[in-house]
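Here are the chains, one letter per residue:
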Amino acid sequence: MDKQTIQFLIKYALEARKNAYTPYSHFKVGAALLTKSGRVYKGCNIENAAYGSTMCAERTAIYKAVSEGDCDIQAIAIVGGEEGSEPTELCPPCGSCRQVMAEFADEDFRVILAVDENNYRDFSMDEVLPLIFHNLDPEE
Ligand code: THU
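Scoring rules and cut-offs
All residue numbers refer to position in the chain's written sequence, counted from 1. For a predicted model such as this one, the threshold for reporting local features is a pLDDT of at least 70, and the threshold for listing and counting side-chain atom pairs is 80 or more; totals across whole chains, interfaces and linings nevertheless cover every residue. Remark: hydrogens and water are excluded; side-chain values derive from all non-hydrogen atoms of the structure. In this scheme, a residue with accessible area under 20% of its type's maximum is buried, one over 50% is exposed, and one in between is partly exposed, where area comes from a 1.4 Å probe on protein chains only. Each helix is a run of H or I in the DSSP string that is no shorter than four residues. Each strand is a run of E no shorter than two, and both are numbered from the N terminus. Only heavy atoms enter the contact rule, under which two residues are in contact if any of them lie within 4.5 Å. Counting rule for charge: Lys and Arg are taken as positive, Asp and Glu as negative, and neither His nor the chain ends is counted. Whenever a carboxyl oxygen of Asp or Glu lies within 4 Å of a side-chain nitrogen of Lys or Arg, that contact is scored as a salt bridge. When we say a residue is near a molecule or strand, we mean one of its heavy atoms is within 4 Å of it. The definition of a polar contact used here is a pair of N or O atoms within 3.5 Å, where within protein one atom must be able to donate a hydrogen and the other to accept one, and adjacent residues in sequence count solely through side-chain atom pairs. Three classes are used, and their members are as follows: Ala, Val, Leu, Ile, Met, Phe, Trp, Tyr, Cys and Pro are nonpolar, Asp, Glu, Lys and Arg are charged, and the others, Gly among them, are polar. When DSSP finds two or more bridges between two strands, those strands count as paired. Looking down the strands as they point away from the viewer, one classifies a crossover as right-handed if the path from the first strand across the helix to the second runs clockwise. Patch membership is restricted to residues that have no salt bridge and whose relative accessible area is over 30%. Joining uses 9 Å for like charges and 5 Å for the nonpolar side chains Val, Leu, Ile, Met, Phe, Trp and Tyr. Each accessible area is a Shrake-Rupley estimate made with a 1.4 Å probe; only the visible protein chains count as cover when residues are assessed. Each axis is a line fitted through C-alpha atoms, and for a helix only the stretch in contact is used; angles between axes span 0 to 180 degrees, taken between their N-to-C directions. Any angle from 65 to 115 degrees is called roughly perpendicular, while one under 35 is roughly parallel, one over 145 is roughly antiparallel, and all others are oblique. We call a crossing left-handed when the near helix sits turned anticlockwise from the far one by less than a right angle, and right-handed when that turn is clockwise.

**Focus on helix H3 (residues 95-104)**
Restricting attention to buried positions, one finds in H3 the residues Cys97, Val100, Met101 and Ala102. Buried residues along H3 sit against helix H2 (57-67), strand E3 (73-82), strand E4 (110-116) and helix H4 (125-128).

Quick look at the structure:
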């Protein structure tokens, strides 16, 4: 994945983070998902008074894409940090988001963890979630 595409996705993730609804944790996460069709889906975390009903930024973005029938995912950029300031460190996705990414990712999928456009690391799905559970293969 070229640097320009990575930086463009990080910019969208930072933009998405501004919409995070976080009255409980005050921790804001943004994600930008690129699909193979070339579309970008932004997501933010959306909290709830019933804490368990909270949705993460990454799954918001993935579910937006899949619900539009756009299931072939190429890369996701993720940024996160305390409310009131720009991110200061990388924000690795939670286990549930990793499992949902794995459902739709192929071997080329990239997970980009960023602080900003010039400070990021990118990983394969296998690095982010080794020993993936995919017992019920929908192709079989
Ligand atoms: N959060 C995400 O949006 N993505 C993750 O992968 C980890 C956690 C959100 C959920 C909650 O709103 C806040 O971060 C603190 O856990």
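What follows continues from the structure just given.
**Notes on the side chain of Arg59**
Residue placement: Arg59 occurs in helix H2. Here Arg59 occupies a buried position and makes no salt bridge, while the nearest side chain of opposite charge, Glu58, is found at 6.5 Å. Among all residues touching Arg59, those that are not within four sequence positions of it are Cys94, Ser96, Cys97 and Val100.

**What to know about the site of the ligand**
Around the ligand, the structure places Ser25, Phe27, Val29, Asn45, Glu47, Thr54, Cys56, Ala57, Glu58, Pro93 and Cys94. Residue Glu58 places a side-chain N or O atom 2.8 Å away from a nitrogen atom belonging to the ligand. Taking Cys94, its main chain carries an N or O atom lying 2.8 Å from an oxygen atom of the ligand. The set of elements that each furnish at least two residues to the shell around the ligand consists of strand E1 (27-35) and H2. For the shell around the ligand, the class distribution of residues is six nonpolar, three polar and two charged.

**Focus on the pairing of E4**
Each regular strand carries side chains that alternate between the two faces of the sheet. Most of E4 sits inside the fold, with five of its seven residues counted as buried. In this structure, E3 lies alongside E4, joined through four bridges in parallel fashion. Following the sheet pairing, Ile76 is matched in E4 by Val111. The parallel pair E3 and E4, bridged by H3, forms a crossover whose chirality is right-handed.

**Quick notes on the side chain of Arg17**
Examined against the element boundaries, Arg17 turns out to sit in helix H1 (residues 3-17). Contacts of Arg17, omitting those with residues within four sequence positions, involve Lys28, Val29, Gly30, Val79, Gly80, Gly81, Glu82, Glu83, Ser85, Glu86 and Pro87.

**A closer look at a nonpolar patch on the surface**
Together, Tyr21, Tyr24, Ile46 and Tyr51 line one region of the surface with nonpolar side chains, adding up to about 450 Å² of accessible area. Relative to the helices and strands, Ile46 is located in the loop between strand E2 (40-44) and H2. Among the residues examined, Ile46 registers a relative accessible area of 39% and is labelled partly exposed.

**Focus: the environment of Ser25**
Structurally, the position occupied by Ser25 is in the loop between H1 and E1. For the pair formed by Ser25 and Glu83, sequence separation is 58 residues and the distance between their alpha carbons is 8.8 Å. A polar contact of 3.0 Å, which involves the side chain of Ser25, links it to the backbone nitrogen of Phe27. Within the structure, Ser25 has its side chain in polar contact with the side chain of Glu47 (distance 2.5 Å).

**As for the packing of H2 against H3**
As a packed pair, H2 and H3 sit with axes 9 Å apart at the nearest point and diverge in direction by 25 degrees. With respect to each other, H2 and H3 are oriented roughly parallel. Where H2 crosses over H3, the two elements pack in a sense that is left-handed. Taken together, the residues of H3 that come into contact with H2 (itself represented by Glu58, Arg59, Ile62, Tyr63 and Val66) are Ser96, Cys97, Val100, Met101 and Phe104.

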